[in-house]
Structure formats: structure tokens, C-alpha cells
Amino acid sequence: MHTVTLRDLMRIWMLFLWCASCNCGPDPRKREALIRLEASRRTGGNITLNEREKLLDGKLQKLKQHDMEARQFPPSMHFFKAKHLIDQSPVFSLLQKMPKGAALHVHDFAMVGVDWLVKNVTYRENCYVCFTHEQTVRFIFSSGQPASRPHCSSWTLLRSLREKIIKSSAFLDRCCIIKLYFIRNLTLFTEDPDRAYPSQDTVWKRFKQAFLVAYGLVTYAPVFKDYLYEGLRQFYEDNIMYVEIRALLPVTYELDGKLNNKDWSMRACQDVVRRFTANYPDFLGARVIFTVHRGINAAEAVKTVEEAMTLHRNYPDIMAGFDFVGQEDLGRPLWYFKDALSLPEDRGVNLPYFFHAGETDSQGTDVDQNLMDALLFNTTRIGHGFALARHPVVKEMSRKMDVPLEVCPISNQVLKLVSDLRDHPAAVLMAEGHPVVISSDDPALFGATALSHDFYEAFMGFGGMSFNLGTLKELVINSLRYSSLPSQTKKKAIEVLLVKWDKFVSESLL
Ligand SMILES: [Zn+2]
């Protein structure tokens, strides 16, 4: 971040006086000085690149130029239509190889590419399916015939259904159709997103449906653990070394219908993270931000915050803090929960908050105050903060308090807060060097990679030609700097990241 020093202002003023006295038009040196001053303000503007980094930056700028001049510029298009173009971009390929540090805003039910769920989970024994009246599906694992549900067909054993389809020669390709149908049910993908999702409410409705489809699969206790392990593997594969997961810690179920509580889910997360880091020693780990739906009432919120405090006390290594989830516009504002959220401080207990706030364009509503209230409740980071640019005082507060925004470009576009990512408010915030990290929110639902697609959209869409390798370097360092890791671990993690970074720079120059 850069603040204008008295020296900067004096230099510009002297140049102005000199120019005024000679009456020869704007001085090119003054112009140069202003361009440099502006460049120094943006994210990464104060990072000095070494010789090798400068070489890579030169290469990167040429690659960017190519994407900028293409007939179709991906960040200006809906991600569902732009994805195939991004996948072919050499900038994207470089970003995939780049060590990205941490993913700090990702949800537990949307980490794993849905292909994995269909191929590895729906083929397991005892998987039942029913078809709802809204043309979607529900899954459940059970040792016997499950009890029927309202608004759903009777449960069919998926294995029998597949066998029946295969036996019917007239429907040889139906298995592929059924696989595709499940994949469609588990994501928001559609060829024509503007027609399918004419409003924020329609896309959020579809979002909730996709979540419910995954819910029956992922909350089956053995799948819950495998899913998390696979999620970490997919993030690791995208060159991420640490993840903070917004997790509902749902009640999970066993084949005989026995239920496991939140404590079981937390312990399962801890076990999986330990197992994963033992198998992949250069992966730093993962921590959990316990979340609850913002539709709950005040009494339920008190109970939930108490639960969060207990989990934080019992699992200090893995439990990072607390947050609310769900569509902000339809949920209750943070201020409604003030009694519950004041509990930790009243009781002298530390419970860090990581609030989603400002994921809205409903200006002046109660929900629009969530950004201010998040800061009043000392949030550690702000999830999205899309509305921040319209709140100058809150913006100033977040900068002074060094509370970063977790910016998730694809999520904001798919959920209809912005259509052309060049118009995303984070473009202005990053031009001012406001603290930000880039994250992916629900990559599996959007058909995106763990983090690389979001990095592409932010790097190309928010910055155009003005962002450079220094921007990327600051963003990846930010991801660890603003993580919830203890300070010593954080310091070491940044050192490890910088070693990976140098290796990436050298290899990209070959
Ligand atoms: Zn989120």
C-alpha cells in the first residue's frame, strides 16, 4: 500500500510551477511522475521485481496483450461462455503453474469438481435416488429402502436403475445421459445463463437446489471424509498450499441411519487434514470457519455462537472462527444477531469472525449495513465486500484496520452482481491498493478450477494491462498474510511460498 508523502507532493508541485513558468504545455516529466505515482498505489505497486521476475513480467505482458486484443475478451463475458477461451489462454496456463499460497474463501460443499462426485460416489453400493417435482434429484445411502419424502418419487436403488437402463438396448446411451443429468443438477452450468437466470433470486434458487443435491451424497459419513480429502487434493493440484474452509459441519449419517453430530464432523476434518498433510508434506493444512445459515433466529444464533465457542476451545488448531452464510439480501442482517455476536466478548472468550458482508447491490437496506457491522464486530476479513466502494467511511475503516476483502470474481458474476468483470468494484479498490485476497467461493458449482480461473478473471479483468507480476506476487503473499495462521507459522509459510515463487519464475523462463 502507498500513501502520498510530502516529498511526492512537493516534487509534483515543483514540476507544475516549472511547467507553468515556461508556458510550453504539460511537462512530460510531470506526466511521467504522475503515471509512476499512480502505478505505485495499486496492488503490488511497491514490489520491486528482480531481474528474472522482470524478464517473466515482459513475457507475461506480451501474453496479456494477446488476450486483450482477441475478438472476445473472456472477463467481459459470462464465465460459462468464457471458460473454454480461458482454458486455451497461455496467461491462464501460467497462472495454473503459479504457487497461489492460500484459498481463504471456499465452502465445504463446493470444493470438489462434480465429475468426482458422480464417478466416485454415485457408483457406491446402497446409493438411492429420487426425482423431485422440480425436475431435480436427491440422493441417500441406506442399508434398506429409505422412507419416502414429500414432493419426490419413491427411492430407487441407483445400481438397479443403471442396470435396467443398460439392459434396454433402445436406451444404450441413457447411462451417459443420466451422468450428464446428475452433473447438471450438481452445478449451475447452462449454455445460456442470461436466459436461465434472469434475476439474482432465480440463480440463488438454483444454487440452493444444487446444494441440496450434493447434500445427500456428502453428508454420508464415509463420503464426507473422502470428499474433504479429494477437495484438498484438487486445491493442492492447483498449486495451493493452505485452505480455509467455510464449513457448516453438518450432521452426517451412517448406512443404518445413525447420526453423527458437529463434534464428529470437526474431528473428521481434523483427521482428514492430518492424513492429507502426512501424504503431501509440502501442503500446509486447512482450517475451518464454522458457518450457519443467516436465516436462523436470535435464540438459535445464541446457541450457535455458544457452540462455536466450544468448538474453538476444543479444536484450537483447526477451528479458525465463525461466519454466517446464505443469500445476504434474503437473510437477516448482522445487526439482528448483535446479542449473540457480543457473547464471546462479554464472556472474555476469543472467537474470531470472518463475515460475509456486502455481497449485495441493495443500497441503503439493512443488509447494506453489514459491512459496517462486520467491522464493528472486529471481523478478521470480509467475505466479498462487493458493496464496499459505495461506503467511503467503511472503506476507510477497513483500510485502517487492515481488514482485507476476499474477492471472488466468478461467484459475483454468476450470482449476478456484475456482468462484465472489468466493471467489478474490486478493480477500483485494487487500483487504490486496498487490501484484498482472491478466492473462489464455490468453484465446483461454477465448473471452475480451485483458484486459477478466478485469478485469471481478476488479473485480466480488474487490471487489464496495468497489473503485472508484482500484482500477482502481492496477491499470493496476501493470501498467507491475511490467513488465520499463527504469526510464526505464517512467517514460515510466506518463506516457503517465496521459494516456490522463485522456482516458478525460473521454470517459466525456460
Ligand atoms: Zn461465500
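Residues numbered from 1 in each chain as written. Predicted model: local features only at pLDDT ≥ 70, side-chain atom pairs only at ≥ 80, totals over all residues.

A. Quick peek at the UniProt feature "domain: Adenosine deaminase" (unreviewed entry) in the protein. Here, UniProt's "domain: Adenosine deaminase" (unreviewed entry) annotation points to residues 200-495. Note that residues 200-495 is 49% helix and 12% strand, and that its end C-alpha atoms are spaced 42 Å apart. (UniProt positions renumbered as here; feature names shortened; annotations may be inferred. Helix = DSSP H or I, 4+ residues; strand = E, 2+ residues; numbered from the N terminus.)

B. Molecular detail of the sheet that holds strand β5 (residues 242-247). If you walk across this open sheet you meet the four strands as β1-β5-β8-β9, and the pairing is parallel. Two strands lie at the open edges of the sheet, namely β1 (102-107) and β9 (319-325), each paired on one side alone. Strand-to-strand twist across the sheet, computed as the mean angle between neighbouring axes with direction ignored, equals 25 degrees. Pairing analysis gives six bridges linking strand β8 (residues 285-293) to β9, with the strands arranged parallel. Along β9, the bridge assignment pairs Val288 with Met319. Contacting β5, β8 and β9, helix α12 (residues 262-279) runs over the sheet at an angle of about 155 degrees to β8. (Pairing = 2+ DSSP bridges. Axes fitted to C-alpha atoms, helices over the stretch in contact; angles between N-to-C directions. Contact = placed C-beta atoms within 7 Å.)

C. Quick peek at the UniProt feature "domain: Adenosine/AMP deaminase N-terminal" (unreviewed entry) in the protein. Taking the UniProt record as the reference, the feature "domain: Adenosine/AMP deaminase N-terminal" (unreviewed entry) is found at residues 29-95. Along residues 29-95 the backbone is 72% helical and 0% strand, and the end-to-end C-alpha distance reaches 35 Å.

D. Quick look at the packing of helix α21 (residues 469-481) against helix α22 (residues 487-508). Between α21 and α22, the shortest axis-to-axis distance is 9 Å and the interhelical angle comes to 155 degrees. In terms of their interaxial angle, α21 and α22 are classed as roughly antiparallel. Every pair of crossing elements has a handedness; the one defined by α21 and α22 is right-handed. Where α21 abuts α22, its residues Lys473, Val476, Ile477, Leu480 and Arg481 lie against Lys490, Ala493, Ile494, Leu497 and Trp501. Residue composition of the contact of α21 with α22, grouped by class: seven nonpolar, no polar and three charged. (Parallel < 35°, antiparallel > 145°, perpendicular 65-115°, else oblique. Left-handed = near helix turned anticlockwise from the far one by under 90°. Nonpolar A, V, L, I, M, F, W, Y, C, P; charged D, E, K, R; others polar.)

E. Geometry of the sheet that holds strand β10 (residues 356-357). Strand order in the open sheet formed by four strands is β10-β11-β12-β13, with parallel pairing between adjacent strands. Two strands close off the open sheet at either side, each with one partner strand: β10 and β13 (436-438). The sheet contact formed by strand β11 (residues 382-384) and strand β12 (residues 405-407) spans two bridges and is parallel. Residue pairing in the sheet places Gly383 in a bridge with Glu406 of β12.

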